[in-house]
Amino acid sequence: MDEIVNLCKRRGIVFPSAEIYGGFRSTYDYGPIGVQLLRNVREAWWRSMVQLRDDVVGLDAAILSSPKIWEASGHIDSFADPLVDCRQCHERWREDRIAGSCPACGSKDLTEARAFNLMFSTHAGPVEDESTLAYLRPETAQGMFVNFSLVATTLRRSPPFGIAQVGKSFRNEITPQNFVFRTREFEQMEMEYFVPPEDAPKWFEYWCEERLQWYVDLGIPKEKLRLRHHGPEELSHYAVQTADVEFEFPWGFDELEGVANRTDYDLRAHAAASGQRLEYFDPVSQDHIVPYVIEPAAGATRAMMAFMLAAFDVDEVAGERRNVLRLHHRLAPYKVAVLPLSKNDALAQLVSKVLEMLKPHYMCDRDVTQSIGRRYRRQDEIGTPLCVTVDFDSLEDAAVTIRERDTTAQVRVPISELLQEVSGRLDC
Ligand code: GAP
């Protein structure tokens, strides 16, 4: 874990937010490499959940949201953690995460637990009173429920079909921890799949398997993943069935994503509160039916961390230790780095020509500082699958060397065939 946190800072992946002021309450900024990696996680999710399917459409709902949504959804009443204060050192803890004594000072003198609502509130408008109260959404899911009818009507959909969304969510977590695993500002990738009520158990199983496989297809070894079904005492207020896709983090198996059978809880709640009908017409039974919802809900920032942990490897190249991020090519921040053997105008011009050829197709880096060996190490550490080296012979033979990250094997190819050679080697 320490190696990943250190690598993230050293290589421009994740920085502590407001670091020049000593940091700010477990918030993080994604640097130039991290922003690319996170974007690739999102895009891989969108590709699999929307682009490659006929039955799912996308949505981007507002983050700033009406209290009416959260009243109806039950979040104002139920989205709370039990909080206790230590009377000795005044630290504050989640009661269900500590074993009856303060983890900071060991005192057992704790207050009674109080419900602490996790939603961030603010005011939308110049007046700060009840009339302008707004919430930052604590999940993207409600955007899909309140837009259910608009999407179904405008896109002419009826169950089974899904609405997918990727975006920021906010929770005033009492104990943010483990780097970007649990933060107050984070990113979710959620899909609400609306189904005929009697088909819900079948679709729940389907989505559990699909979602587990997504992580495997993107390079996480199967033995580092598992599905864990929730017992009745663990279910959220809206769910009758939930299974977590868990990953083996350095501290043990923990949640990557939750798949829940939310029944018709949310649509019925919003229909009752808004007075609108949130249902579909079933031509067979000639009935208006409120669909059930199967929800695979993943964290993009948490997934990014898991992909990095699973991909991190240390091996030896020519007797030297190297760190290498064996990321799936689809996730790699840069697909290709183009490296001139030395700083020389003629080589620089050829590098520009090579980049002009590759950049419209792939995210590329031009890396010119330090020795070629160090540059290979740097690219290995951020997971770049291919390095293309331009040397003095390239000026004569119009060829360059491709080096592969995983094997460090090198092959000389004519520049005229480079794009084809690169495409053939990239799995994305
Ligand atoms: N709509 C259902 C829902 O939000 P959740 O289990 O609370 O369910 C879904 O959240 C996923 O969002 C989690 O599995 C996790 O990956 C991510 N997530 C939740 N809270 C988070 C936090 N504080 N920091 C980072 N990721 C978080």
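No experiment lies behind these values; they were computed from the predicted model shown.

**Overview of the sheet that holds strand S24 (residues 410–414)**
- If you walk across this open sheet you meet the five strands as S21-S20-S22-S23-S24, and the pairing is mixed. The open sheet has two edge strands with one neighbour each: strand S21 (364–366) and S24. Geometrically, the sheet is characterised by an average inter-axis angle of 25° between neighbouring strands, direction not taken into account.
- Running at roughly 170° to strand S20 (residues 336–340), helix H11 (residues 372–381) makes contact with S20, S21, strand S22 (386–390), strand S23 (399–404) and S24 of the sheet.

**Some remarks on the sheet that holds strand S17 (residues 292–299)**
- If you trace the seven strands from one edge of the open sheet to the other, you get S3-S10-S11-S17-S14-S13-S12, paired in mixed fashion. Only two strands of the sheet have a single neighbouring strand rather than two, namely strand S3 (56–58) and strand S12 (225–229). If you compare each strand with its neighbour and ignore which way they point, the axes differ by 25° on average.
- The pairing of strand S14 (residues 252–263) with S17 spans six bridges and is classified as antiparallel. What sits directly across from Gly-258, in S17, is Ala-297.
- Across the sheet, helix H7 (residues 200–217) touches strand S11 (185–195), S12, strand S13 (241–249), S14 and S17, and the angle it forms with S14 is around 150°.
- Relative to S13, helix H9 (residues 300–311) is tilted by about 40°, and along the sheet it contacts S11, S13, S14 and S17.

**What about the site of the ligand?**
- Near the ligand, the surroundings consist of 21 residues, among which Glu-139, Arg-171, Thr-183, Glu-190 and Glu-255 are the closest.
- The separation between a nitrogen atom of the ligand and a polar side-chain atom of Glu-173 is 2.8 Å.
- The separation between a nitrogen atom of the ligand and a polar side-chain atom of Glu-190 is 2.4 Å.
- Contact with the protein chains hides 91% of the accessible area of the ligand, taken as 550 Å² for the molecule alone.

**Some words on the packing of helix H2 (residues 32–51) against H9**
- It is at 9 Å that the axes of H2 and H9 come closest, and there the two elements cross at 105°. By the angle between their directions, the pair H2 and H9 is classed as roughly perpendicular. The residues of H9 that touch H2, namely those facing Gly-34, Leu-37, Leu-38 and Val-41, are Ala-300, Thr-301, Ala-303, Met-304, Phe-307 and Met-308.
- Partitioned by chemical class, the residues of the contact of H2 with H9 number eight nonpolar, two polar and no charged.

**Re empty space enclosed by the protein**
- Evaluated as defined, the whole model comprises one cavity of 30 Å³ or more.
- Every residue lining the largest cavity is listed: Ile-4, Cys-8, Phe-179, Val-180, Met-304, Met-305 and Met-308.
- Breaking the lining of the largest cavity down by element, the ones donating at least two residues are helix H1 (2–10) and H9.
- The residue makeup of the lining of the largest cavity, split by class, is seven nonpolar, no polar and no charged.

**Side note on the environment of Leu-419**
- Within the fold, Leu-419 resides in helix H13 (residues 418–425).
- For the pair Leu-419 and Ala-104, spaced 315 residues apart in the sequence, the C-alpha separation amounts to 57 Å.
- Dropping the residues within four chain positions of it, Leu-419 is found in contact with Met-357, Leu-358, His-361 and Tyr-362.

**Notes on the domain arrangement of the protein chain**
- Domain boundaries assigned for the protein chain yield domain 1 (2–79 + 118–308) and domain 2 (334–426).
- A straight line from the C-alpha centre of domain 1 to that of domain 2 covers 39 Å.
- Summed over both partners, the interface of domain 1 with domain 2 comes to about 600 Å²; 56% of that surface belongs to carbon and sulfur atoms.
- Looking only at domain 1, the three residues that lose the most surface to domain 2 are Arg-11, Ile-33 and Gln-36, adding up to 70% of its buried area.
- Summed over the shared surface of domain 1 and domain 2, the result is two residue pairs in polar contact (both at pLDDT 80 or more).
- Contributing elements (two or more residues each) for the side of domain 1 that touches domain 2: H1 and H2.

**Concerning the nonpolar core**
- Among the nonpolar cores identified, the biggest contains 57 residues, and Met-189, Trp-214, Tyr-215, Ile-294, Phe-307 and Met-308 are the most heavily contacted of them.
- Broken down by element, this core gets its largest block of residues, nine residues, from H9.
- Apart from the residues within four sequence positions on either side, Trp-214 is in contact with Val-41, Ala-44, Trp-45, Ser-48, Met-189 and Phe-307.
- Membership of the second largest hydrophobic core comes to 20 residues, among which are Val-336, Val-351, Val-390 and Val-413.

**Notes on H11**
- Restricting attention to buried positions, one finds in H11 the residues Arg-375, Tyr-376, Arg-378, Gln-379, Asp-380 and Glu-381.
- Positive backbone phi, at 85°, marks Gly-383, one or two positions downstream of H11.

**Side note on the packing of aromatic side chains**
- Scanning the entire structure with this criterion turns up 17 aromatic pairs.
- On the numbers, 6.4 Å between centres and 45° between planes, the contact of Trp-45 with Trp-46 is tilted.
- Classification of Trp-45 as buried rests on a relative accessible area of 0%.
- Between the NZ or CZ atom of Arg-262 and the centre of the ring of Tyr-238, over which it lies, the distance is 3.6 Å.
- Note that Arg-403 overlies the ring of Tyr-376, its terminal NZ or CZ placed 4.3 Å from the centroid.

Cut-offs applied
- Residues numbered from 1 in each chain as written.
- Predicted model: local features only at pLDDT ≥ 70, side-chain atom pairs only at ≥ 80, totals over all residues.
- Heavy atoms only, no water.
- Pairing = 2+ DSSP bridges.
- Helix = DSSP H or I, 4+ residues; strand = E, 2+ residues; numbered from the N terminus.
- Axes fitted to C-alpha atoms, helices over the stretch in contact; angles between N-to-C directions.
- Contact = heavy atoms within 4.5 Å.
- Near = heavy atom within 4 Å.
- Polar contact = N/O pair within 3.5 Å; in protein donor to acceptor, adjacent residues only side chain to side chain.
- Areas by Shrake-Rupley, 256 points an atom, 1.4 Å probe, with all protein chains shown as cover.
- Parallel < 35°, antiparallel > 145°, perpendicular 65-115°, else oblique.
- Nonpolar A, V, L, I, M, F, W, Y, C, P; charged D, E, K, R; others polar.
- 1 Å grid on protein atoms, 1.4 Å probe; cavity = no way out; pocket = protein on both sides within 12 Å on 5 of 7 lines; lining within 4 Å.
- Points joined across faces, edges and corners; volume = space filled by probe spheres on them.
- Domains from an automatic or database assignment.
- Buried area = accessible area lost by both parts, 1.4 Å probe.
- Core = buried A, V, L, I, M, F, W, Y, C linked by side-chain atoms within 4.5 Å.
- Buried < 20%, exposed > 50% of the residue type's maximum accessible area, 1.4 Å probe, protein only.
- Phe/Tyr/Trp six-rings, centres within 6.5 Å; stacked < 30°, edge-to-face > 60°.
- Lys NZ or Arg CZ within 6 Å of the ring centre and 35° of its normal.

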